[in-house]
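# A closer look at the structure
Listed below, chain by chain, are the residues.
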Amino acid sequence: LAPIAKRLMRPATALGLAGTMAGTIGVMPALAAGPTTPGTSWVVMDVASGKIIAEHDPYTLRYPASLTKLMTLDLAFDALTHGHLSLETHLPVSQAAADVQPVKLNLRAGQTISVKHAMLGMTTLSANDAATALGEYLGHGSMARFARMATARAHQLGMDKTRFTNSSGLPNPDQVTDAYDMALL
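In short, a report on the structure. Note that the coordinates shown come from a computational prediction; the quantities given were computed from them, not determined experimentally.

Thresholds, definitions, all that
Residues numbered from 1 in each chain as written. Predicted model: local features only at pLDDT ≥ 70, side-chain atom pairs only at ≥ 80, totals over all residues. Heavy atoms only, no water. Salt bridge = Lys/Arg side-chain N within 4 Å of Asp/Glu carboxyl O. Helix = DSSP H or I, 4+ residues; strand = E, 2+ residues; numbered from the N terminus. Buried < 20%, exposed > 50% of the residue type's maximum accessible area, 1.4 Å probe, protein only. Lys, Arg positive; Asp, Glu negative; His and termini not counted. Polar contact = N/O pair within 3.5 Å; in protein donor to acceptor, adjacent residues only side chain to side chain. Axes fitted to C-alpha atoms, helices over the stretch in contact; angles between N-to-C directions. Parallel < 35°, antiparallel > 145°, perpendicular 65-115°, else oblique. Contact = heavy atoms within 4.5 Å. Nonpolar A, V, L, I, M, F, W, Y, C, P; charged D, E, K, R; others polar. Core = buried A, V, L, I, M, F, W, Y, C linked by side-chain atoms within 4.5 Å.

Overall, the coordinates contain three salt bridges when judged by the stated rule. Here Arg62 ties to Asp57 by a salt bridge, and the two come within 3.5 Å at their closest N and O atoms. A salt bridge links Asp178 to Lys161; its shortest N-O distance comes to 3.5 Å. On the criterion of sequence distance, the pair formed by Asp178 in the loop between α7 (143-156) and α8 (179-184) and Lys161 in the loop between α7 and α8 is long-range, its members being 17 residues apart. The buried category is assigned to Asp178, whose relative accessible area is 0%.

Following this line, the structure appears as structure tokens:
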């Protein structure tokens, strides 16, 4: 897992995404509506010990938005590690993936994208179409199945307040997390 993650994370490191992906900090933006209260939540955690160094409102439910892609990547890295996926695997692009809201790579229904390019698109551009194609593939053609897998993995990691409904983080009132849970991821 580590060599694969390091190779794919090189572009993201320059953007400062690696710190978030390593679970050292989880920052959730203020939201105006939904099951959350206005404000900002964050956690700074020592990843080696799990000790919280600093925090502000870490247990308030928030919409994870594109931080959802971190769980999609976690499941993809697990599939890569266990040989269920390779970086060269070509993911089919469904109509649903092609139709998602931007930011996206402008993938078209019927084409394919490699796992490597989908992961790079997700980490460098936050590409929703790539995340949707990867999520559908990991969920064996079903975003609902992917969501169940992602939520189960979250709970396995101790992310007890987190629920996922899709692989991209596009709005869904049932998709929630808190800063503490995202720091665990």
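Turning next to the side chain of Asp129. Of note, Asp129 is situated in helix α6 (residues 128-138). Summary of buried charges: Asp129 has no salt-bridge partner, and the nearest side chain of opposite charge, Lys104, is 5.4 Å away. For Asp129, the side chain forms a polar contact with the main-chain nitrogen of Leu105, separated by 2.9 Å.

With that out of the way, let us pick up unusual backbone geometry. Negative phi values dominate among residues other than glycine, just as trans dominates among peptide bonds. Each neighbour pair has its own omega, and for Pro102 with Val103 the value is 20°, a cis peptide bond. Summarising the element assignment, Val103 is placed in the loop between α4 (95-98) and β5 (112-114). For Asp57, which is not glycine, the phi dihedral falls at a positive 50°. Position of Asp57 relative to the elements: it lies in the loop between β3 (52-56) and α3 (68-81). Owing to a relative accessible area of 32%, Asp57 belongs among the partly exposed residues under this scheme. Even without being a glycine, Ala65 presents a positive backbone phi close to 50°.

Packed helix pairs are characterised by how far apart their axes lie and by the angle those axes make with each other. At their nearest, the axes of α6 and α7 sit 7 Å apart, and the two run at 80° to each other. Comparing their axes, α7 and α6 come out roughly perpendicular. Where α6 approaches α7, its residues Thr132, Gly135, Glu136 and Leu138 are matched on the opposing element by Met143, Phe146 and Met149. Of the residues contributing to the contact of α6 with α7, the split by class is four nonpolar, two polar and one charged.

If you trace the backbone, Asn166 turns up in the loop between α7 and α8. For Asn166, a relative accessible area of 12% corresponds to the buried category. Distance from Asn166 to Lys69, taken between C-alpha atoms, is 9.2 Å for residues 97 residues apart in sequence. Of the polar contacts made by the side chain of Asn166, one reaches the backbone nitrogen of Gly169; its length is 2.7 Å. Reaching out from Asn166, the side chain makes a polar contact with the backbone oxygen of Leu170 at a distance of 3.0 Å.

What follows deals with the nonpolar core. Met71, Leu85, Met119, Leu134 and Leu138 are the most contacted members of the largest nonpolar core, which totals 35 residues. With eight residues, α3 is the largest single contributor of residues to this core. Leu138 has contacts with Thr72, Leu75, Ala76, Ala79, Leu85, Phe146 and Met149, leaving out every residue within four places of it along the chain.

Attention now goes to α6. Burial analysis of α6 places 10 of its 11 residues in the buried class, which makes it a mostly covered element. Taken residue by residue, α6 has Asn128, Asp129, Ala130, Ala131, Thr132, Ala133, Leu134, Gly135, Glu136 and Leu138 as its buried positions. Where the residues of α6 are buried, they touch α3, β4 (90-92), α4, α5 (115-125) and α7. Directly beyond the C-terminal end of α6, a positive phi value near 55° is found at His140.

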